[in-house]
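# Architecture and fold: a report
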Amino acid sequence: MADSSLRTDVVIIGAGPAGLFAVFELGLGDMKCHLVDILDRPGGQCAELYPEKPIYDIPAVPLCTGSELTARLLEQIHPFGPMFHLGQMVEHLEKTPEGLWCVTTNLGTVLEAPVVVVAAGGGSFVPKKPPLKGLETFEGTSVFYAVRSRETFRGKRLLIAGGGDSALDWALNLHPLAERITLVHRRDDFRAAPDSVAKMRALVAADGMDLVIGNLTALEGEGDRLTGASVTLASGNTPTVLPCDALLAFYGLTMKLGPVANFGLTLHEGLIPVETASFETALAGVFAIGDINTYPGKMKLILSAFHEAALMAKKAFAYVHPDRRYRFQYTTSSSDLQHKLGVTEGTAG
Amino acid sequence: MHVYCTDLEGTTHELLATEGWSVMEIIREGGLPILAQCGGSCACATCHVYVDPSWKAKLPEPNEEEVAMLDGTFEVTADSRLACQLFFTPALDGLRIALAKGSV
Ligand SMILES: Cc1cc2nc3c(=O)[nH]c(=O)nc-3n(C[C@H](O)[C@H](O)[C@H](O)COP(=O)(O)OP(=O)(O)OC[C@H]3O[C@@H](n4cnc5c(N)ncnc54)[C@H](O)[C@@H]3O)c2cc1C
Ligand code: FES
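Owing to the predicted nature of the structure, the values given are computational and were not obtained by experimental measurement.

Cut-offs and rules
Residues numbered from 1 in each chain as written. Chains lettered and ligands numbered in written order. Predicted model: local features only at pLDDT ≥ 70, side-chain atom pairs only at ≥ 80, totals over all residues. Heavy atoms only, no water. Helix = DSSP H or I, 4+ residues; strand = E, 2+ residues; numbered from the N terminus. Buried < 20%, exposed > 50% of the residue type's maximum accessible area, 1.4 Å probe, protein only. Contact = heavy atoms within 4.5 Å. Lys, Arg positive; Asp, Glu negative; His and termini not counted. Charge placed at Lys NZ, Arg CZ, Asp CG, Glu CD. Near = heavy atom within 4 Å. Polar contact = N/O pair within 3.5 Å; in protein donor to acceptor, adjacent residues only side chain to side chain. Areas by Shrake-Rupley, 256 points an atom, 1.4 Å probe, with all protein chains shown as cover. Axes fitted to C-alpha atoms, helices over the stretch in contact; angles between N-to-C directions. Parallel < 35°, antiparallel > 145°, perpendicular 65-115°, else oblique. Left-handed = near helix turned anticlockwise from the far one by under 90°. Expected span 1.5 Å × (residues − 1). Arc of directions from axis to C-beta. Phe/Tyr/Trp six-rings, centres within 6.5 Å; stacked < 30°, edge-to-face > 60°. Patch = residues over 30% accessible without salt bridge, like charges linked within 9 Å, V, L, I, M, F, W, Y side chains within 5 Å. Salt bridge = Lys/Arg side-chain N within 4 Å of Asp/Glu carboxyl O. Pairing = 2+ DSSP bridges. Buried area = accessible area lost by both parts, 1.4 Å probe. Nonpolar A, V, L, I, M, F, W, Y, C, P; charged D, E, K, R; others polar.

## Digging into the overall build of chain A
Regarding its fold elements, chain A presents 8 helices and 22 strands. Looking at chain A residue by residue over its 349 residues, the buried ones come to 50%. Of all intrachain contacts in chain A linking residues separated by at least 6 positions in sequence, the fraction that spans at least 24 positions is 57%. Separation of charge centres in chain A, based on 30 positive and 38 negative side chains, amounts to 2 Å.

This is how it looks when you write it as structure tokens:
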């Protein structure tokens, strides 16, 4: 397993605002970073929960949206060439015999570094699962929350649940492949691109797809194979069984602490206690910044995450460059820092 | 002023209510578990509650955003609301709500 491991200076778990800004502060101290996030794009909560909503309390930025903040952070850290491993869940954190930290993901990526920064926010984003009895038995064989391969659904009677863009996009995308698609949504109104809604409605009108307005209440199957799902129709109360071979459920994502609980850190109400001079955890070389940490007076703000990143980087420097002395400098006046940022004096403004 | 909130075990708690606060904040301040992952931004649906039918008429209708956000939770009924979108006024003194499964 260690054969294919990547060695770097710092592994950052979570690519939300805390993880992203950490790249900047670490980069000023010549520390190279790899970031891992289960989401398929950087930005954490800002990207997933409120890309279009305004943020008013970023110092010196009177207004920006969640996605603008993410874009600006990415621009700011670009000079440091961070490596992203997206769509992957960090599952293990262990110490190597050489005294490095080793981070392993569910996709088999192995990263080793003297410093790990846990910037896991509210936990990893995972699909919301409908509270249906026996759901787990079907997961991976006939119940899915994402499409990994379209071929899985060829010739299948497919139930797609949800009323947003994912549900609509996949209903349209898989329509030519599947034997029959039934879209199930709790109300006859969809929060999705108007164009997709129109296409879906046209298919339904032409009998190319079924639309059922109601709620899933139970699953039926043989072994791990789904055979049908009960739905209570919004229009009445007698449940109907919809025969199907597979269910794709798109109810959005939620944050679950997940594997962070197994990193060997003692958690306090699901949060990682840190000391506030460097935001190091009880494990030497493992830091926790942003929403995931806790200390007296903690406020879950992006502002706090930025501050924590700066102090963390100073201590991380001692682990990554034990032979060097940390030098405090301003980006305004240090030609050394400006060189790292790829600017020469005066060109940044 | 108070809000009465029934937890998943069926126990009803009397919670101190403050004018202008959202019902989600009142529940959280009252020490009951409520996920409210997005902190009241109508972006997570983990503050789903059921409003006692006798109180429904006294509440303003949910806006489009709240209705759409309810798509992201389960076991939604005609009494379902997002607690972060319900703002407490003296007229709501005595409001009765129950936590939904997805919110704790
Ligand atoms: C609707 C809304 C509005 C907000 N408005 C403001 C505001 O105006 N001002 C403000 O300061 N704050 C605001 N916040 C809070 C702010 O978004 C958070 O404080 C901030 O996102 C925390 O950043 P973070 O990087 O610590 O965590 P997050 O943004 O939560 O990012 C953590 C990332 O880590 C990933 N992750 C976790 N565990 C793993 C794992 N094991 N493997 C792989 N990846 C993992 C997650 O998938 C996630 O992407 C708001 C939050 C919401 C939801
Ligand atoms: S707290 Fe997130 S929707 Fe109410």
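## Here's the deal with the site of ligand 1
Near ligand 1, the surroundings consist of 32 residues, among which Asp 37, Tyr 50, Asp 57, Asp 291 and Ile 302 of chain A are the closest. Residues close to ligand 1 are split across chains A and B. Here Ala 18 of chain A contributes a backbone N or O atom positioned 2.9 Å from an oxygen atom of ligand 1. Between Ile 302 of chain A and ligand 1, the recorded distance is 2.8 Å, taken from a backbone N or O atom to an oxygen atom. With the chains in place, 94% of the 1000 Å² that ligand 1 exposes on its own is no longer accessible.

## Points about the packing of helix α1 (residues 17–28) of chain A against helix α3 (residues 66–77) of chain A
Residues and elements named next belong to chain A. The contact between α1 and α3 brings their axes to 8 Å, and the two run at 20°. One element, α1, and the other, α3, form an angle in the roughly parallel class. Seen from above, α1 lies across α3 with left-handed handedness. Between α1 and α3, the residues in contact are Pro 17, Leu 20, Phe 21, Val 23 and Phe 24 and Leu 69, Thr 70, Leu 73, Leu 74, Gln 76 and Ile 77, respectively.

## Here we look at α3 of chain A
Residues and elements named next belong to chain A. With 12 residues, α3 should reach 16 Å at 1.5 Å per residue; the first-to-last C-alpha distance of 17 Å fits that figure. Those residues of α3 that fall on the buried side of the exposure criterion are Gly 66, Leu 69, Thr 70, Leu 73 and Ile 77. All buried residues of α3 lie within an arc of 100° about the axis, which places them on one face of the element. Summarising the contacts, the buried residues of α3 are in contact with α1, α2 (44–48), β4 (54–55), β5 (64–65), β6 (83–86) and α7 (302–320).

## Regarding unusual backbone geometry
Residues and elements named next belong to chain B. In the Ramachandran plot, Cys 42 falls in the positive-phi region, its phi being about 55° despite a non-glycine side chain. Residue placement: Cys 42 occurs in the loop between α1 (23–29) and β3 (48–51). The backbone phi angle of Ala 45 is positive, close to 65°, even though this residue is not glycine. As for its position among the elements, Ala 45 is in the loop between α1 and β3. Using a relative accessible area of 3% as the deciding quantity, one classes Ala 45 as buried.

## A look at the packing of aromatic side chains
All names here are of chain A. For the structure shown, the criterion picks out 9 aromatic pairs over all chains. Measuring from ring centre to ring centre gives 5.5 Å for Phe 21 and Phe 24, while their planes differ by 15°; the resulting arrangement is stacked. Residue Phe 21 and its partner Phe 24 are both found in helix α1; the two are separated by 3 residues, about one turn of the helix. Here the two residues Phe 21 and Phe 24 agree in accessibility, since each one is buried. Following the ring pairs from residue to residue traces out a cluster consisting of Phe 21, Phe 24, Phe 80 and Phe 306.

## Concerning helix α5 (residues 165–174) of chain A
All names here are of chain A. All buried positions along α5 are accounted for by Ala 167, Leu 168, Ala 171 and Leu 174. Along the long axis of α5, the arc covered by the buried residues comes to 150°, so they all point the same way. Those residues of α5 hidden inside the fold are in contact with β13 (157–161), β14 (180–185), α6 (194–205) and β18 (246–249).

## Overview of a nonpolar patch on the surface
Taken together, the side chains of Tyr 326, Phe 328 and Tyr 330 of chain A make up a nonpolar region of the molecular surface, amounting to roughly 380 Å² of accessible area. For Phe 328 of chain A, the position within the fold is in the loop between α7 and α8 (335–341).

## Observations concerning the pattern of salt bridges
In total, this model carries 21 salt bridges over all chains according to the counting rule given. Here Asp 189 of chain A makes a salt bridge to Arg 187 of chain A, at a shortest N to O gap of 3.7 Å. Looking at Arg 187 of chain A, the relative accessible area reads 14%, which means it is buried. Residues Arg 81 of chain B and Glu 66 of chain B are paired through a salt bridge, measuring 2.7 Å at the closest nitrogen-oxygen approach. Pair noted here: Arg 81 of chain B is in strand β4 (residues 80–82) and Glu 66 of chain B is in helix α3 (residues 64–69), with a separation of 15 residues, a long-range link. Shared partners join several salt bridges into a network, and the residues in it are Asp 30, Arg 324, Asp 336 and Lys 340 of chain A.

## A few points about the side chain of Ser 230 of chain A
Residue and element names in this part refer to chain A. With respect to the helices, strands and loops of the structure, Ser 230 is situated in strand β16 (residues 225–233). When its relative accessible area of 11% is taken as the criterion, Ser 230 is described as buried. Excluding residues that lie within four positions of it along the chain, Ser 230 makes contacts with Asn 215, Leu 216, Thr 217, Ala 218, Glu 220, Thr 240 and Val 241.

## What about the sheet that holds strand β5 (residues 95–99) of chain B?
All names here are of chain B. Reading across from one edge, β2-β1-β5-β3-β4 is the order of the 5 strands in this open sheet, with mixed pairing throughout. The open sheet is flanked by β2 (12–16) and β4, the only strands paired with a single partner. Pairs of neighbouring strands in the sheet enclose a mean axial angle of 40°, with direction left out of account. In this sheet, β5 lies alongside strand β1 (residues 2–6) in parallel orientation, the contact comprising 4 bridges. Looking at β5, one finds that Val 3 is bridged to Leu 95.

## Re the interface of chain A and chain B
Many authors give the size of an interface as the accessible area that is lost as the parts come together. Taken together, the 14 residues of chain A in the interface contact 17 residues of chain B. Roughly 1400 Å² is buried in total at the junction of chain A and chain B, and carbon and sulfur atoms are behind 51% of that figure. Put simply, chain A and chain B have 3 salt bridges between them. If you look at where chain A meets chain B, you find 11 residue pairs in polar contact (both at pLDDT 80 or more). Counted by class, the side of chain A that touches chain B contains 5 nonpolar, 3 polar and 6 charged residues.

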